[in-house]
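What follows is each chain in one-letter form.
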Amino acid sequence: MKRWRLRVLVVVALGAVALGWAATGSSVPVIFQSAPGRFEVAALDGGDAQRVAALAAQAWPMLAGPLALPESFASPVFVRLVPAADWGERSPFRVTVEAGGVVSVRVAWDPTTPEVVVRRALVQGLLMRQAVARHGVNERLTAPLWLEHACVGWWRTRAEPAQLDALKQASARLAPPALEDLLQWQRGATEPVPFVDGAVWLLTFLTGEAGKAGEWPALLHRLLGGEAPAAALAASFPGRYANDGERELWWQTGWQQLRRARVLPGWEAAESRVELAEMVRFVFTQQGEDAVLPLREVLERAGEPLVDRELKRRAAAVNRLLTALHPFYRNAALSLADALAVRGAGAERRDAVCAAFEQDWRDATELERASATALDALSARENKASAK
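Caption draft 1: Region of the structure containing empty space enclosed by the protein. Under the definition given, this model contains one cavity of 30 Å³ or more. As a volume, the largest cavity reaches approximately 30 Å³. Together, Pro 61, Met 62, Trp 267, Glu 271 and Glu 275 line the largest cavity. Elements that contribute at least two residues to the lining of the largest cavity include exactly helix 2 (46–63) and helix 11 (269–279). Each residue belonging to the lining of the largest cavity can be placed in one class, and the counts come to three nonpolar, no polar and two charged.

Right, here's the structure in full:
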């Protein structure tokens, strides 16, 4: 019987050159790839690399919307987990943009490394990779500190819905930081809680304020290119305020409105579709070549240890996502959870649960398309009426 292995690469040349790995003794780094052109995570321990790669795979669909991420980049973000004993820098991670446009992330690593440190490292690497993709390599590229914290918070409050309630409760006891101070927040300074929480609200506020004119994407483009934040904001959101006082009132009103909104956290239909699609996408290596395998075929191989571990991991991940998914995709997620749980079942049972998931997926995508069509038609009628 032919055995498969999940996408795992033992790297010698790439580890030594592209990632700058200084191997110690006979240790050879192992790389786990979240998906082609996204993240590649290298570590001396395969379990550590797999853990961070799973976190990186979650980050992409969570941040695809606010960061306008493509399906993939020409080259991935290379993440290297450096043993803490070999780490000689003051900061717990460092992101580097090389002359050819390669973005690498080095993280001081041991089993107790806080997850928030890994999240911030992944986000900063993703921001710099997006900056390179948009502007090429130049000395002005930047990943604003407030945006880094904002993306980490955006990710957490969507992956763990209870975190949004916690953020609202904490924000009720805080005064919003001045917008100018938040936009100009620099690395190396202190990181007070009002700024960390305020960054999440600012990202939520700006994406919510953006309309069909693409104000937020325009601001993101300018910020990653190194433009002065205040000038970039004024250019990207024209007509929203006439002076600094009105700008501050605009922001503080948005803060108060967002933290008081009585809504359950959740994703839009498109975000839910992307995240669920990642959960059912299996990339294995067969005879040195990558292959994307259908769910039915993977379930047939559930007896293999590596496949079984991956199915268990994804089953746990799907169950964590259920409360955050859009209602259109809730049934599909439940069906997928059922399918991932039938690892020891016979062929008839496997076919039944896979068919149920496939039907629920078709229903969900049809609902999403129909909803989008109806909303577009309504918007067109409103625009036509307002033009008269």
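Caption draft 2: Layout of the packing of helix 3 (residues 115–135) against helix 4 (residues 145–159). Two elements in contact, helix 3 and helix 4, have axes separated by 9 Å at closest approach and are oriented at 120 degrees. On the basis of the axis angle, helix 3 is oblique to helix 4. Regarding helix 3 and helix 4, the two cross each other, and that crossing is right-handed. Residue-level contacts link Arg 119, Arg 120, Leu 122, Val 123, Gln 124 and Leu 127 of helix 3 to Leu 145, Leu 147, Glu 148, His 149, Cys 151, Val 152, Trp 155 and Arg 156 of helix 4.

Caption draft 3: Layout of helix 8 (residues 215–224). Every buried residue belonging to helix 8 is among Glu 215, Trp 216, Leu 219, Leu 220, Leu 223 and Leu 224, and all of these are buried. Along the axis of helix 8, the buried positions cluster into a sector of 155 degrees, meaning they face one direction only. Residue Gly 226 follows helix 8 closely and has a positive phi angle near 90 degrees.

Caption draft 4: Quick look at the pattern of salt bridges. Here the structure, examined in full by the defined rule, presents 20 salt bridges. Its salt-bridge partner being Arg 222, residue Glu 227 comes within 3.7 Å of it at the nearest N-O pair. Look at Glu 227 and you get partly exposed, because its relative accessible area is 36%. According to the relative accessible area criterion, Arg 222 is partly exposed, its value standing at 23%. A salt bridge links Glu 310 to Arg 313, with the nearest nitrogen and oxygen atoms 2.7 Å apart. Here Arg 313 and Glu 310 lie together in helix 13 (residues 305–321), a separation of three residues that amounts to about one turn. Note on Arg 313: relative accessible area 29%, which makes it partly exposed. Through salt bridges with shared partners, one network takes in Arg 120, Glu 148, Arg 187 and Glu 191.

Caption draft 5: Structural context of the packing of helix 11 against helix 13. Axis separation between helix 11 and helix 13 bottoms out at 10 Å; the angle between their running directions is 165 degrees. In terms of orientation, helix 11 and helix 13 fall into the roughly antiparallel class. Here helix 11 runs over helix 13; the crossing is left-handed. Between helix 11 and helix 13, the residues in contact are Glu 275, Glu 278 and Met 279 and Arg 314, Ala 317, Val 318 and Leu 321, respectively.

Scoring rules and cut-offs
Residues numbered from 1 in each chain as written. Predicted model: local features only at pLDDT ≥ 70, side-chain atom pairs only at ≥ 80, totals over all residues. Heavy atoms only, no water. 1 Å grid on protein atoms, 1.4 Å probe; cavity = no way out; pocket = protein on both sides within 12 Å on 5 of 7 lines; lining within 4 Å. Points joined across faces, edges and corners; volume = space filled by probe spheres on them. Helix = DSSP H or I, 4+ residues; strand = E, 2+ residues; numbered from the N terminus. Nonpolar A, V, L, I, M, F, W, Y, C, P; charged D, E, K, R; others polar. Axes fitted to C-alpha atoms, helices over the stretch in contact; angles between N-to-C directions. Parallel < 35°, antiparallel > 145°, perpendicular 65-115°, else oblique. Left-handed = near helix turned anticlockwise from the far one by under 90°. Contact = heavy atoms within 4.5 Å. Buried < 20%, exposed > 50% of the residue type's maximum accessible area, 1.4 Å probe, protein only. Arc of directions from axis to C-beta. Salt bridge = Lys/Arg side-chain N within 4 Å of Asp/Glu carboxyl O.

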